[in-house]
Amino acid sequence: MDIIHFVADLRARLQREPNNVFVPTMGNLHEGHIQLIDIAKPRAACTVVSIFVNRLQFGPQEDFDRYPRTFEADCKRLRDAGVNVVFAPDEKEIYPEPQTFLVEPSDLQHILDGAARPGHFRGVATVVLKLFNMVSPHSAIFGKKDYQQYIVLRDMVRQFALPIEIIPAETVRAPDGLALSSRNGYLSAEERIEAPRLYRTLREAQAEIMAGACDFQRIELHGMSQLADNGWRPDYVTVRRQADLQKPAPGDRELVVLAAARLGKTRLIDNVEVNLEP
Ligand code: PAF
């Protein structure tokens, strides 16, 4: 496995390997990332993983400084997972000058997580476009746990006609249902016991919709109050269309229930898809 820190070296290395598949990460890798790599590996001769904590996607009050950086352990995991190339640039390599050209996602960037984290999706889209230009993969894998991120990046690739296939991967969960996330490490022991409630709340909403309920507002309010009653500060529990994350119209059958809520100091997000029979 080659560990590369500079774009010029990356390009030289990948010239020999034009058939590559890409998994962008911010490091602090867990089983969820390993699943992305397992999906990537059979798709190309060369699997490239980037590790870069992207300041641009963090708000001024967010956890950029304390975001866990575990480079040595990450490299060991990646080597064991059979990754070919790790691209681990420092900030100067990605942003050698202030980034004044930015990728502005559609209005999608202002709803849900975008409303709670202004500028977040602009930062994500900008760094991912730069990384795509550096790696030139034929496909890239993104976890569906960050559902809105996946939709934003899928739309970016389509609208800029990038020759890259975006492949979504299912969320990996702990045995009690909690979606794996680097931010789970911020939870206290007590909060970790409470945390799976987020997924249970989503599953209940999913079951109700599958059983025919269509008063989504009631389902959303019920989910929000279930969380609030148990000490969470919910940003949203909401039923949306999978295609564009807008509110469903009558007859829409491919839905997703998304939630974001704070437990103590930790903000967790999760979602479940609901595919109704035609
Ligand atoms: O999902 C993440 O880890 C990040 O948002 C990404 C896609 C690596 C961009 O920094």
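Preceding this paragraph is the structure being described.
Read on for a plain summary of the structure.

Strand order in the open sheet formed by 6 strands is β1-β4-β3-β2-β5-β6, with parallel pairing between adjacent strands. A strand with exactly one partner marks an edge of an open sheet, and here the two such strands are β1 (2-4) and β6 (165-169). Averaged over all neighbouring strand pairs, the angle between strand axes comes to 25°, with direction disregarded. Against the sheet, helix α3 (residues 71-80) contacts β1, β3 (46-51) and β4 (85-87), and its axis sits at roughly 165° relative to β3.

For the rest of this paragraph, the subject is the packing of helix α9 (residues 197-210) against helix α10 (residues 216-229). Axes are the key here: two packed helices are described by the angle between their axes and the distance separating the axes. It is at 10 Å that the axes of α9 and α10 come closest, and there the two elements cross at 160°. With respect to α10, the axis of α9 lies roughly antiparallel. As for the relative orientation of α9 and α10, their crossing is right-handed in sense. Facing α9, whose interface residues are R197, L198, T201, E204, A205, E208 and I209, α10 presents F216, R218, I219, H222, G223, Q226 and L227.

Ordered by their spatial adjacency, 3 strands build an open sheet running β7-β8-β9, and the pairing between neighbours is antiparallel. The open sheet has two free edges, formed respectively by β7 (232-241) and β9 (266-275), since each of these has just one partner strand. Across the sheet, the mean angle from the axis of one strand to that of its neighbour is 10°, orientation sign disregarded. Bridge count for β7 against strand β8 (residues 254-263) is 9 bridges, and the pairing is antiparallel. The residue of β8 that forms the bridge with P234 is A261. Relative to β7, α10 is tilted by about 155°, and along the sheet it contacts β7 and β8.

Parameters and conventions
Residues numbered from 1 in each chain as written. Predicted model: local features only at pLDDT ≥ 70, side-chain atom pairs only at ≥ 80, totals over all residues. Heavy atoms only, no water. Pairing = 2+ DSSP bridges. Helix = DSSP H or I, 4+ residues; strand = E, 2+ residues; numbered from the N terminus. Axes fitted to C-alpha atoms, helices over the stretch in contact; angles between N-to-C directions. Contact = heavy atoms within 4.5 Å. Parallel < 35°, antiparallel > 145°, perpendicular 65-115°, else oblique. Left-handed = near helix turned anticlockwise from the far one by under 90°.

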